[in-house]
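Close look at the chain arrangement
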Amino acid sequence: MPYRLTVIGTGYLGITHAACMADLGFDVLGLDIDADKIRRLNNGELPIHEPGLEAVLRRGLESGRLRFTTSYEEVGAFGDVHFVCVGTPQKQGEYAADVSYMDAAIESLAPYLGRECLVVGKSTVPVGTAGRLADKLARLAPDGVQPELAWNPEFLREGFAVKDTLNPDRIVIGVRSERAEKVLREVYQPLGEVPIVVTDFATAELVKTAANAFLATKISFINAMAEVCEAAHADVKQLSEALSYDDRIGGRFLNAGLGFGGGCLPKDIRAFMARAGELGADQALTFLREVDAINMRRRARMVDLARELAGGSFQGCTVGVLGAAFKPNSDDIRDSPALDVAVTIGHQGGQVTVYDPIALDNARKAHPELRYGASALEAVRGANVVLLLTEWPEFVELDPEVLGQAVATRKIVDGRNALNAETWRSAGWHYRALGRP
Ligand SMILES: NC(=O)c1ccc[n+]([C@@H]2O[C@H](COP(=O)([O-])OP(=O)(O)OC[C@H]3O[C@@H](n4cnc5c(N)ncnc54)[C@H](O)[C@@H]3O)[C@@H](O)[C@H]2O)c1
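Cut-offs used in this document
- Residues numbered from 1 in each chain as written.
- Predicted model: local features only at pLDDT ≥ 70, side-chain atom pairs only at ≥ 80, totals over all residues.
- Heavy atoms only, no water.
- UniProt positions renumbered as here; feature names shortened; annotations may be inferred.
- Helix = DSSP H or I, 4+ residues; strand = E, 2+ residues; numbered from the N terminus.
- Contact = heavy atoms within 4.5 Å.
- Near = heavy atom within 4 Å.
- Polar contact = N/O pair within 3.5 Å; in protein donor to acceptor, adjacent residues only side chain to side chain.
- Areas by Shrake-Rupley, 256 points an atom, 1.4 Å probe, with all protein chains shown as cover.
- Axes fitted to C-alpha atoms, helices over the stretch in contact; angles between N-to-C directions.
- Parallel < 35°, antiparallel > 145°, perpendicular 65-115°, else oblique.
- Left-handed = near helix turned anticlockwise from the far one by under 90°.
- Nonpolar A, V, L, I, M, F, W, Y, C, P; charged D, E, K, R; others polar.
- Domains from an automatic or database assignment.
- Buried area = accessible area lost by both parts, 1.4 Å probe.
- Salt bridge = Lys/Arg side-chain N within 4 Å of Asp/Glu carboxyl O.
- Expected span 1.5 Å × (residues − 1).
- Buried < 20%, exposed > 50% of the residue type's maximum accessible area, 1.4 Å probe, protein only.
- Lys, Arg positive; Asp, Glu negative; His and termini not counted.

As recorded by an unreviewed UniProt entry, the protein carries the name UDP-glucose 6-dehydrogenase and is attributed to Nonomuraea cavernae. Quoted straight from UniProt, the Pathway (unreviewed entry) entry for the protein says "Nucleotide-sugar biosynthesis; UDP-alpha-D-glucuronate biosynthesis; UDP-alpha-D-glucuronate from UDP-alpha-D-glucose: step 1/1." The record in UniProt for the protein states the following under Catalytic activity (unreviewed entry): "UDP-alpha-D-glucose + 2 NAD(+) + H2O = UDP-alpha-D-glucuronate + 2 NADH + 3 H(+)".

Attention shifts here to the environment of glycine 257. Of note, glycine 257 is situated in the loop between helix 10 (236–244) and helix 11 (265–278). Remark: the alpha-carbon pair of glycine 257 and alanine 433, spanning 176 residues in sequence, is separated by 8.0 Å. Among residues more than four places away in sequence, those in contact with glycine 257 are Asn223, Arg298, Gly415, Asn417 and Leu434.

This paragraph deals with the UniProt feature "domain: UDP-glucose/GDP-mannose dehydrogenase C-terminal" (unreviewed entry) in the protein. Within this numbering scheme, the UniProt entry marks residues 320–421 as carrying the feature "domain: UDP-glucose/GDP-mannose dehydrogenase C-terminal" (unreviewed entry). Segment residues 320–421 splits into 34% helix and 18% strand. End C-alpha atoms: 18 Å apart.

Right, let's get into the site of the ligand. The environment of the ligand is made up of 27 residues, and the closest members are Asp32, Lys37, Tyr72, Thr88 and Lys267. In this structure, an oxygen atom belonging to the ligand sits 2.6 Å away from a side-chain N or O atom of lysine 37. Considered on its own, the ligand offers 830 Å² of accessible surface; in the complex 90% of this is hidden by protein. Among the elements that line the shell around the ligand, the one with the most residues is helix 5 (residues 100–109), at three residues.

The next thing to look at is the packing of helix 5 against helix 6 (residues 129–140). At a closest axis distance of 9 Å, the pairing of helix 5 and helix 6 adopts a crossing angle of 25°. The angle between helix 5 and helix 6 falls in the class roughly parallel. With respect to the hand of their crossing, helix 5 and helix 6 are arranged in right-handed fashion. On the side of helix 5, the interface is formed by Met102, Asp103, Ile106 and Glu107, while helix 6 contributes Arg132, Leu133, Lys136, Leu137 and Leu140. Its residues assigned to classes, the contact of helix 5 with helix 6 shows five nonpolar, no polar and four charged.

Our next topic: the domain arrangement of the protein. With domains assigned, the protein is organised as domain 1 (4–199) and domain 2 (213–433). Averaged C-alpha coordinates put domain 1 and domain 2 at centres separated by 33 Å. In this assembly, 18 residues from domain 1 lie in contact with 20 residues from domain 2. With both sides pooled, the region where domain 1 packs onto domain 2 buries about 1500 Å², and carbon together with sulfur makes up 52% of that total. The three residues of domain 1 that bury the most area against domain 2 are His49, Tyr95 and Glu158, which together make up 43% of that side's buried surface. Between domain 1 and domain 2 we count one salt bridge in total. Glutamate 158 is the partner of arginine 334 in a salt bridge, and the nearest nitrogen-oxygen pair spans 3.5 Å. The interface formed by domain 1 and domain 2 includes nine residue pairs in polar contact (both at pLDDT 80 or more). Tallied by class, the residues present in the side of domain 1 that touches domain 2 amount to ten nonpolar, six polar and two charged.

A rise of 1.5 Å per residue sets the reference length of helix 1 (residues 12–23), with its twelve residues, at 16 Å; its end C-alpha atoms lie 17 Å apart and thus fit the reference within 8%. By the criterion of burial, helix 1 is predominantly enclosed, with eleven of the twelve residues buried. Directly after helix 1, the chain includes glycine 25, whose backbone phi takes a positive value near 110°.

Let us look at the side chain of aspartate 332. For aspartate 332, the position within the fold is in the loop between strand 9 (318–322) and helix 13 (337–347). Classification of aspartate 332 as buried rests on a relative accessible area of 1%. Reaching out from aspartate 332, the side chain makes a polar contact with the side chain of arginine 334 at a distance of 3.0 Å. The contact partners of aspartate 332, leaving out residues within four places of it in the chain, are Tyr12, Glu158, Gly263, Ala325 and Phe326.

Let us look at the side chain of aspartate 331. Tracing the sequence through the fold places aspartate 331 in the loop between strand 9 and helix 13. Despite being buried, aspartate 331 has no salt bridge partner; arginine 334 is the closest side chain of opposite charge, sitting 7.8 Å away. Here the side chain of aspartate 331 touches histidine 49 through a polar contact of 3.0 Å, landing on its backbone nitrogen. Filtering out sequence-adjacent residues up to four positions away, aspartate 331 remains in contact with Tyr12, Pro47, Ile48, His49, Ile358, Ala359 and Asn362.

What follows deals with the pattern of salt bridges. Enumeration over the complete set of coordinates arrives at 34 salt bridges. Note that lysine 122 and glutamate 154 form a salt bridge whose closest N and O atoms lie 3.2 Å from each other. Separated by 32 residues along the polypeptide, lysine 122 in the loop between strand 5 (118–121) and helix 6 and glutamate 154 in the loop between strand 6 (148–151) and helix 7 (161–166) bring together distant segments of the chain. Assessed through its relative accessible area of 2%, lysine 122 is described here as buried. Taken together, the shared-partner salt bridges in this structure form one network comprising Asp103, Glu107, Arg132 and Lys136.

What follows is the structure in structure tokens.
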């Protein structure tokens, strides 16, 4: 009999996992403590923006294989395998991750586990969490019931979440028994040939943080080169192109610009440093402090460049900001470099109007103090400076002539090195970019 799956925590990760597993043929019950989110999901309404996911969600609901609830009792009774996908944000005022949602999920679920089952952590957690939660699970489960824990970190990328879930490049499973390994191999069997790396708990937890630390380092490496290029009047775009032909280096994650943000990389590298400190291995990760600092300096540099173009001060200056999401094809504004820059310029006296194709509602809720335009043209109307901060395709394709007629002065800072400098300059724009002359 195929396993019945539950997915606890239906955010960017959980909704995708639940809907895709239902698409693969499993009966899936999703749970969240946010009742409004659950109501919307049961109505086939996606509470986030993720390309292709709404169709998979609706297909699941229509097939009868996918449902959502707020009842842990129902989830406990339903599932053979429970995937835990709750948030693990950065703690307020600290580098460490807040794993209290993870603990809360285990505490809520354990008393309702009535039979043999596997609880699988998918969230990104500090190494050591899985071992601690396994003890907690065993302690809180009803007498005579012995649920087992496994760790199965998730590598999906927002914007490509469905594809990444159905065609993962690898699956990592941290287990303490052959039975747990067998169950997870069966669950992922419909995905076909995918490399599966079986590890202990600690290694599985670390693979995820190590992957994010590597990606963050690669981005900050090229952004550090951009800083040097700025000082030496060199061109980081040409530099990264030349580096990318070396297949030991590769071109991905090598685009200099405003740096990384979002709900994962920044908080994950900070949590990694905090955890290494607790383990007495902090020296091993001191370089991540620099990775973080380089990344944050790009935002400051962006503000400086914009101020320079504004004539030395933002007082009385109108700034049109293109982009609010932390990256294109997402509505996620968590630690978004674009919004960070927009807010800082606002604080420094600039009249900022922001436009984003998808993330406007989220941005408006988080930053009601900013102005928002209904289109790119509206956001830049009358602007003294335009900033491109998220490389949405519709911004990359903007016609410099059409935009030029809307602005007060043709000045643009390309925070993502996404535009063709020559095209914009020949349309009369003063074009500046990070890391380029
Ligand atoms: N978003 C991504 O691209 C991505 C990729 C890989 C890994 N991750 C990791 O996955 C985890 C979840 O990330 P996310 O982006 O989906 O976060 P999210 O904030 O979008 O979703 C988390 C969900 O958990 C729910 N929740 C909180 N406490 C709960 C509880 N006690 N019981 C049930 N539900 C609860 C929240 O209401 C929310 O809907 C994080 O650890 C993150 O680092 C995320």
